[in-house]
Amino acid sequence: MMRDQAESLRNMVKKNRSVDFQVISITSGKGGVGKTSFTVNLAYILQKMGKNVLILDADLALANVDIVLNEKPKYNLLHLLTGEKNINEIIWSSKYGIKFIPAASGFEELANLPKEQQMFILNSLQDIYYSFDIMLIDTSAGISESVINFCLAADKTVVVTTPDPTAVADSYAICRIISNYNTGNMELGLVVNMTDNEKEAERIYNATNNVIRKFSGKTIKYYGCIRKDEKLSKSIRERFVLTSRYPNSKYSQDLEIVAKAILEGNLPEKKENFWRRILNNWINLKFD
Ligand SMILES: Nc1ncnc2c1ncn2[C@@H]1O[C@H](COP(=O)(O)OP(=O)(O)OP(=O)(O)O)[C@@H](O)[C@H]1O
């Protein structure tokens, strides 16, 4: 009976809020390019814009979202997978108001989660997604089956790179793979982080876009660039969220422009599409 009531409530809310739910995956070819700090600060800015944001820490075995938010969550995805907790019980509310689903650091087995368990996590999200406007998925760095699948299931994927040639090369690689598999209208875009040279960032975007167009006939979006800001490193060291404490810092100003560009991209169709895409398109990737 209670289940029936919950179900009809869910359907009611779904009907009322069917168009403005977006899933945005954030990924990178190389580690250490600023992906997690980008995710957390983006969440804060989107929240300031009035969006109700949830972060899924999908960097399953090397989770960092809790560290950037300076939180010590009690439960994490491991508790969900072992059946000890349900999805509602593992959502952690940070002091910044941002809610997140923590992964579990140091559990190697989580890095190569079998497809069934990845599906289980994503299916569990169905019970809570109606409460949010935006879900940000912080994936792990690099090319793995679960990263590609999280990206393909999203409405938008943001690839974060730095101007460092190895980071650029790795971001080409991940953009190429995602574009190849992207048969739907998932919007793929690039952010160049830690650059003091806007022209250089645009050159990196143009070069990436040209390669992708050549290989897959598709284009990628340019969401913008973020300057190197010593305050960001300080915020990580001293465990505060930069965009909250220093909204006028270089990093915060640039990220606000990037956040608007991401929101202004293609509007998602129906929120239900996320789940349909997961169920229909969760694929076994074969890398050549
Ligand atoms: N715009 C920036 N200006 C200055 N430093 C930055 C900037 N962005 C990120 N950093 C620095 O880069 C480091 C790595 O950031 P972060 O942990 O967010 O990267 P990541 O890509 O998520 O790493 P991993 O792949 O290991 O999870 C941080 O210590 C931070 O100080």
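Residues numbered from 1 in each chain as written. Predicted model: local features only at pLDDT ≥ 70, side-chain atom pairs only at ≥ 80, totals over all residues. Heavy atoms only, no water.

The name an unreviewed UniProt entry gives the chain is Cobyrinic Acid a,c-diamide synthase, with Persephonella marina as the organism.

1. Re the pattern of salt bridges
Counted by the stated rule, this structure contains 6 salt bridges. Note that K234 and E238 form a salt bridge whose closest N and O atoms lie 3.4 Å from each other. Within this pair, K234 and its partner E238 are both found in helix α11 (residues 230-238), separated by 4 residues, close to a single helical turn. Of the residues examined, K234 reaches a relative accessible area of 28% and is grouped as partly exposed. Under the relative-accessibility criterion, E238 is labelled partly exposed at 44%. (Salt bridge = Lys/Arg side-chain N within 4 Å of Asp/Glu carboxyl O. Helix = DSSP H or I, 4+ residues; strand = E, 2+ residues; numbered from the N terminus. Buried < 20%, exposed > 50% of the residue type's maximum accessible area, 1.4 Å probe, protein only.)

2. Some details on the layout of surface pockets
Approximately 430 Å³ is the volume attributed to the largest pocket. If you go around the largest pocket, you meet 24 residues; those closest to its centre are G32, V33, G34, K35 and S37. Within the residue set of the lining of the largest pocket, elements represented by two or more residues are α2 (35-48) and α11. With 4 residues, the single largest contributor to the lining of the largest pocket is α11. (1 Å grid on protein atoms, 1.4 Å probe; cavity = no way out; pocket = protein on both sides within 12 Å on 5 of 7 lines; lining within 4 Å. Points joined across faces, edges and corners; volume = space filled by probe spheres on them.)

3. As for the side chain of D155
The residue D155 is located in the loop between α8 (145-153) and β6 (156-161) in this model. Take D155: its relative accessible area is 11%, and that puts it in the buried class. Of the polar contacts made by the side chain of D155, one reaches the backbone nitrogen of V23; its length is 2.8 Å. (Polar contact = N/O pair within 3.5 Å; in protein donor to acceptor, adjacent residues only side chain to side chain.)

4. What to know about the site of the ligand
Taken together, 18 residues surround the ligand, and among them K35, T36, S37, N193 and D229 come closest. At 2.8 Å from an oxygen atom of the ligand is found a main-chain nitrogen or oxygen belonging to T36. N193 places a side-chain nitrogen or oxygen 2.9 Å from a nitrogen atom of the ligand. The protein chains hide 79% of the 640 Å² of surface that the ligand would expose on its own. At a threshold of 2 Å from the grid points, most atoms of the ligand map onto the largest pocket. (Near = heavy atom within 4 Å. Areas by Shrake-Rupley, 256 points an atom, 1.4 Å probe, with all protein chains shown as cover. Sits in = over half its atoms within 2 Å of the grid points.)

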